[in-house]
Each structure stands twice: as C-alpha cells, then as structure tokens.
Amino acid sequence: MANSDTVNFGVTDYCVSLAMLGASLGIGLYHCVRGNRTTDDFLLASRSMSPAPIALSLTATYISSISVLGIMGEVYGHGILAIWFTVGVVLGVLIATHVFIPVLFPLKLDSINEYLERRFRSTAVKRLVMFTTSVSSLLYLGVCLYAPTLALESVTPIKSEVYIVLLGLIVTAYSSFGGMKAVVWTDAFQAIFLILGVIISIILATVVAGGPAQVWRTASEHGRADAFDMRLGLFVRHTTLNTLMKNTVTITAQYAFHQTTVQRLATLKSLHMAKVVLYLNMLGLASLMFLMHMGGMSIFAVYAGCDPITRGFISKKDQILPFFVMDYLGFLKGIPGLFVACLLCGTMSSISSFLNSLPTILWKDFISELAYFRTASERTRTYCTKLLSMFCSFRLTSSSKKATHCATMRVSSGHKRRAVQWAQKKGCPVGTKEGLSSGHKRSEPLDYFYGISYTYFSTLGCFTCMVVALVISFITGAEKLENINPSHVVHCWRKHVGRPSSVPSESYPEKHTDSSTAP
C-alpha cells in the first residue's frame, strides 16, 4: 500500500477529462450540422461508412467501463482462469463472420427483427422480439450508465448523480441529433482514449509490481496463475470449458444477431467490408481483453499480502482498479484524469451505440408501419426518429438508478432460433418465454438450481429457447422445408429447403423500403 497523503483530483485531471467530453460533443455536433436529412442517413449513415471507424465503434460498444472494471476485478479476486473468455471472443466472432453474417448481410436489413418477419411471415413474432430486446437494452443501459459512476465518484469529488445527468445530456446531444455518423466517429475517438487509458494503467501497474516476471511469480505463489481447470462441474464458478462456452455463445449472438452489430455492418457497402470489420474488431477486442487480464494480475501482485478489501479500504473487487490508480498513480498529474476519461469513454460509447440501435428497431419494426408515417414526408419521418432517440435518452437518464435494481435479470431475446429451419411462428412466443425465465431467480425451492455457475446462463437460455420453440413448432405443425426461402437459412442448409418454382412469391416477403422523396 502506498504511503502517501490523500490525493486530490487536480486541475490537470479535470482538463484531461473535460477535453475528452468536449471533443466527443464536438464530433457529434459537427455531424449534426452536416446533415442527416433522411431517416436512412440518420439511422444508417447512407450505407457509406468505411471499415476502420466501424471496427473501432464495435470495440468501444462491447468493451464498456463495466467490462474494464469487472474483468480486472475478476482476475484480481479469482485468478487468470477467466482468460478463456478471450478465446471465446475469437471463436464467437469467427462463427458469426462465416456462418450467420453471410446470410444476414445480403438481406440489407435495417432492423435485425425484419429477418423474423421474413423468415416466419409474421409481424407478431417481429414485434414480440422487438419488445424483449427493448426491455433488455433499457435494463443494460441503466446498469451501464449508473454502475461506473460509483467508481468515478470514488476517485473524484463529483457525485454519481451529477455524472448521470452530465453523461446523459452529452450522449443525448450527439446521438439524438448527429445520428449514426456521429455515434460511430465519436465511438472511434472514445475507443482510442479507452485503449490508451487501459494500456497506460496496465504498464504502470506492472512497473509498480516489479516487472512481468515478478507479477507472474507472485500470481503463481498465490494460485492466481492457473489457467487450466478441466472439471465439468455445473457449480464451479470458472473452468476452462464453461468460460470458453459462455463467451462463444454470447459473442456469437452479439455479433450475428444484435441490432448494434447488424446496424453498423449495414452502413458498409459490401459483405467483404463487413468481414474485414469483424476481423479487425476481433483482433482489437481479444487483445484488449488479454491486456485487461494481465492488468488484473499486475494489480494483484501489487497488493499481494495487503488486500484493500480485507483492510476495508474498498468493499468490492470491482473497485480495485480505481483504488490502485489513486493509491499509486494519483501523484502523477493527468493520470487520474486520463483514467476517469477512460471510464467515461467506455460508458458513453456503449450507451450511445445502444441509444442509436434502440430507436432504430422501434422505428423500423413498429412506428414506421403506422398509417400516418407510411404517407408522411421524409422530413417528418426524420424528425420523428430524432425525437424518438431523444425520448429514449431522457428516459434512460431518469430511470438509470431504478434499472440497476433489476441488473441481475437477464433477458434473452430469443434470436438464437433464427438458425433453426423447422421452427415456426407458433413456437416462437413460447420459446421466448422459456428463454426469459431461464435467466433469473424466481423462488427459494429453486436455489439449488440457480447455484449453477453464471457462465452457463447464456447457454441455458439459448438452448432452452431453441428446444421449446422446436417442440411447440412440431406439435402445432412444423414448417415445411419447401416453403422456406433458401436465402433465409445458413448456406449448408440451402440445398435442403425451398422450391422457388413452386412456392408463391408472397411466401418470400421482401424488404419494404422506408424512404420517400424529400420535400
């Protein structure tokens, strides 16, 4: 433990943090002034983005400040075994890139739920999943906005409520008025800041601990360097297999079926560019996660034998990184400010990405189909999408604390059944219900069941949803394979489905365009 006086958050630190916030707001306002005259421009950047900013945007979206604090805290508290999450990232992105994206990208989807309408020929199924994903996004956003402000509050004299309002207003400004281009370019800038902050923190932690060799030696002596545990127990927190399986399933779903990913890839011109983006993102995300695991080991080596949690300086392992920064690095002018800016970037990038995708699915899946908006001018429709984005932003800010009380509830969107060719629309609602119920705690008699490691939750939710949907579909009449459009299933199944010459054209509903001539 550093023997230093209390370190204050100085003028230099405030300047670094405010510079990042000002730059983020400036990028958003720049794109707001430049245009967004149509809904396609506002929501999809006119499908004219280049791979580099999209790759950085995806990295910033899925590495939130919760991830930075959580991963380092997890390694500090439980060891390096969680590094298999990084391998799961690689496998998940590869599966999404080569199995699912080649199916979804050519369909030119604005909302991922449009696929459900085409595949099952049912608006009800599309809107059901729209509802569950909207609820899931709002719960996640509440946690994403509120939780990091507690860490920020611990290293600055500013209250968490002030951070919530400040971040909410800034994100609202550039996501509600700047649209997709503003969000992507701001994410790209914030991703660079986030990566810089993480790398500097890890390097300094390693230096303080005595170098990489000393870090590994200390971790080995305390049982933190064991990266292999081949047990199959359901109640073991982390094993090699359950961590690998958890992230493989989760990352596949995020990169193949999540609106934030699909919407960003929709801004690109070709499938080749989309694959380039996913490979770049895979490299960046895996490298960043690996570095954060190493950072957690370095901080453990610093405090080995002098645990701040045991001594009462902090109450949770998630607080170890901000505590280390202020304890050992607080005397370096600008470093605490850079750390705060890093957390702010992680928070803002994730929030803005979800706030850009949430109004998109609400607009595309429901509001644009209302009679009034079908005939409305392009200007009216564009204003409506901006107001919808603003409403979601203010709703998030006002309810962020309430949402954290539901943080443990995991809402499964049910997107996994998209790859099951026999599923039909009657099985989807039941599958979704069972997928939802498999993700959270309900009653004391099931305490033993819910003692299963959290790493199995996503897998259980996925397969419960798929199995129940299939069973109900077969009971009520499975989909005839010849009635399925081959372009709606993965390539290896296309030779087994569809008879285009004998299937009526209305069985293959195509995308309804959402554009009209601007006045």
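Conventions used here
- Residues numbered from 1 in each chain as written.
- Predicted model: local features only at pLDDT ≥ 70, side-chain atom pairs only at ≥ 80, totals over all residues.
- Heavy atoms only, no water.
- Core = buried A, V, L, I, M, F, W, Y, C linked by side-chain atoms within 4.5 Å.
- Buried < 20%, exposed > 50% of the residue type's maximum accessible area, 1.4 Å probe, protein only.
- Contact = heavy atoms within 4.5 Å.
- Phe/Tyr/Trp six-rings, centres within 6.5 Å; stacked < 30°, edge-to-face > 60°.
- Helix = DSSP H or I, 4+ residues; strand = E, 2+ residues; numbered from the N terminus.
- pLDDT = per-residue confidence, 0-100.
- Axes fitted to C-alpha atoms, helices over the stretch in contact; angles between N-to-C directions.
- Left-handed = near helix turned anticlockwise from the far one by under 90°.
- Nonpolar A, V, L, I, M, F, W, Y, C, P; charged D, E, K, R; others polar.
- Salt bridge = Lys/Arg side-chain N within 4 Å of Asp/Glu carboxyl O.

1. Description of the nonpolar core
So, step 1. Counting 112 residues, the largest nonpolar core has Val198, Tyr255, Met292, Ile299, Tyr303 and Phe324 as its most contacted members.
So, step 2. Setting aside chain neighbours within four positions, we find Val198 in contact with Val68, Met72, Leu288, Met292 and Cys342.
So, step 3. One finds Leu44, Ile367, Cys384 and Leu388 within the second-largest nonpolar core, a separate group that totals 10 residues.

2. Describing the packing of aromatic side chains
So, step 1. For the structure shown, the criterion picks out 12 aromatic pairs.
So, step 2. Taking the centre distance of 5.6 Å and the plane angle of 65 degrees together, the rings of Trp84 and Phe228 count as edge-to-face. You can see Trp84 sitting in helix α5 (residues 84-104) and its partner Phe228 sitting in the loop between α9 (212-221) and α10 (240-257), a full 144 residues away along the chain.
So, step 3. Residue Trp84 is classed as buried on the basis of its relative accessible area, which comes to 18%.
So, step 4. Looking at Phe228, the relative accessible area reads 54%, which means it is exposed.
So, step 5. Centre to centre, the rings of Tyr303 and Phe323 are 5.8 Å apart; their planes meet at 45 degrees, and the pair counts as tilted. With Tyr303 in helix α12 (residues 271-303) and Phe323 in helix α13 (residues 320-328), this residue pair connects regions lying 20 residues apart in the sequence.

3. Some thoughts on the confidence of the model for the protein chain
So, step 1. In this model, the protein chain carries an average pLDDT of 81, and 84% of its residues clear a pLDDT of 70 or more.
So, step 2. Ranking the elements of the protein chain by mean pLDDT puts helix α17 (residues 427-437) last with 47 and α5 first with 94.
So, step 3. When the criterion is pLDDT under 50, residues 430-443 qualifies, and its contacts beyond four places in sequence or with other chains add up to 32 contacts.

4. Observations concerning the packing of helix α8 (residues 160-209) against α12
Helix-helix packing is described using two parameters, namely the angle between the two axes and the distance between the axes.
So, step 1. Taken N-terminus to C-terminus, the directions of α8 and α12 make an angle of 35 degrees; their axes are 8 Å apart at the nearest point. Considering only the axes of α8 and α12, their crossing is left-handed. The segment α8 lies against α12, with Ile195, Val198, Ile199, Ile202, Ala205, Thr206, Val208 and Ala209 engaging Leu288, Leu291, Met292, Gly295, Ser298, Ile299, Ala301 and Val302.
So, step 2. Class assignment of the residues belonging to the contact of α8 with α12 gives a composition of 13 nonpolar, three polar and no charged.

5. Brief notes about the pattern of salt bridges
So, step 1. Taken as a whole and judged by the stated rule, the model has 12 salt bridges.
So, step 2. One salt bridge in this structure joins Glu74 and Arg237, with 2.7 Å as the shortest N-O distance. You can see Glu74 sitting in helix α4 (residues 65-78) and its partner Arg237 sitting in the loop between α9 and α10, a full 163 residues away along the chain.
So, step 3. You can call Glu74 buried: its relative accessible area is 9%.
So, step 4. On the basis of relative accessibility, which here comes to 35%, the residue Arg237 falls in the partly exposed class.
So, step 5. Among the salt bridges present, the one from Asp229 reaches Arg231, with a minimum N-O distance of 2.6 Å.

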